[in-house]
Amino acid sequence: MLAAPLSLVFSKSGVPKKHKNGTSSPPHNPGLTHRSLLQEAPGVLAMEQLFQRLGGVLFCIKDREGRYLSVNDAFLRRARVSDSADLIGRTAHEVFPLLLAAGYEQQDSLVVSREREMHDRLEMITNPDGSIGWHLSDKVPVRNQDDRVIAIAGVSRDLQSTADHDPRYGKLAWAIE
């Protein structure tokens with residue numbers, strides 16, 4: 001059992017705000033909340049606790065409509081968000097540059113509609129300094145006890161920081177750039 005405090009983020013009611021990409025959105029209807037996610041898929045809590053401890057791995061859970069329910073601290077840094085309330089309940093379209101968000105949302109839609117995992121997808125993600133970096137991402141459907149897909153869990157690994165520790169990824173990142 002983990003004894004250290006965790007700074008997991010939980011779903012809250014949305015408040016209209018101006019977003020980084022210039023859009024504003026009305027309050028969201030959360031439908032699936034973090035609390036109901038944990039009730040329907042109890043194993044999610046253990047997954048969150050593990051990924052919260054991995055500072056170099058971005059982790060998030062989104063509902064079927066693509067709204068963020070939970071993220072780890074590494075994800076918050078990459079989203080360039082200091083207050084989790086600016087992220088939870090929002091979609092990628094409201095948080096990330098529009099061209100990047102379109103790709104993320106397309107992947108989410110495929111995972112939900114096909115009810116299948118997606119592995120080792122090469123994609124661009126913002127770095128904490130605002131630049132764009134190459135990542136390998138995986139997304140899996142989160143199922144409830146009735147085997148119905150209720151959410152999406154995703155992780156992304158930065159190829160450049162991984163390359164610092166594994167020469168194979170450095171060669172791949174160099175070839176891509």
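Relevant structure appears above.
Values in this document were obtained by computation on a predicted structure and should not be read as measured data.

*Asks:* Explain the overall build of the protein chain residue by residue, including any values.
*Replies:* What the protein chain contains, in helices and strands, is 7 helices and 5 strands. Beginning at the N terminus, the succession of helices and strands in the protein chain can be written as α-α-β-β-α-α-α-β-β-β-α-α. When each of the 177 residues of the protein chain is scored for burial, the buried share is 45%. Within the protein chain, contacts between residues separated by at least 24 positions form 47% of all contacts whose residues are at least 6 apart in sequence.

*Asks:* Go over the packing of aromatic side chains with me, naming the residues and quoting the values.
*Replies:* In total, this model carries 4 aromatic pairs according to the counting rule given. Here the aromatic rings of Phe51 and Phe59 are separated by 4.8 Å at their centres, their planes lie at 0°, and the arrangement is stacked. Since its relative accessible area comes to 1%, Phe59 is described here as buried. Look at Phe75 and Phe96: their rings are 6.0 Å apart centre to centre, the planes differ by 85°, and that puts the pair in the edge-to-face class. Here Phe75, found in helix α3 (residues 73-78), pairs with Phe96, found in the loop between α4 (92-95) and α5 (98-114); they are 21 residues apart in sequence, far enough to count as distant. There is no split in this pair, since Phe75 and Phe96 are both buried. What links up through ring pairs into an aromatic cluster is the set Tyr68, Phe75, Phe96 and Tyr104.

*Asks:* Hey, could you go over the pattern of salt bridges for me, with residue numbers and the actual values?
*Replies:* In total, this model carries 9 salt bridges according to the counting rule given. Across the pair Asp63 and Arg67 runs a salt bridge, and its minimum N-O distance is 2.9 Å. With a closest N to O distance of 3.3 Å, Asp120 and Arg157 form a salt bridge. Of this pair, Asp120 sits in strand β3 (residues 118-126) while Arg157 sits in strand β5 (residues 149-158), placing them 37 residues apart in sequence. It is possible to trace a salt-bridge network through shared partners that takes in Lys62, Asp108 and Lys139.

*Asks:* A description of the side chain of His135 should follow, citing residues and the corresponding values.
*Replies:* One can find His135 in strand β4 (residues 132-143). The class for His135 is buried, based on a relative accessible area of 0%. Reaching out from His135, the side chain makes a polar contact with the backbone oxygen of Gly133 at a distance of 3.2 Å. Sequence-distant contacts of His135, defined by excluding residues within four places in its chain, comprise Arg78, Arg121, Leu122, Glu123, Ile125, Asn127, Ser156, Arg157, Asp158 and Leu159.

Procedures and definitions
- Residues numbered from 1 in each chain as written.
- Predicted model: local features only at pLDDT ≥ 70, side-chain atom pairs only at ≥ 80, totals over all residues.
- Heavy atoms only, no water.
- Helix = DSSP H or I, 4+ residues; strand = E, 2+ residues; numbered from the N terminus.
- Buried < 20%, exposed > 50% of the residue type's maximum accessible area, 1.4 Å probe, protein only.
- Contact = heavy atoms within 4.5 Å.
- Phe/Tyr/Trp six-rings, centres within 6.5 Å; stacked < 30°, edge-to-face > 60°.
- Salt bridge = Lys/Arg side-chain N within 4 Å of Asp/Glu carboxyl O.
- Polar contact = N/O pair within 3.5 Å; in protein donor to acceptor, adjacent residues only side chain to side chain.

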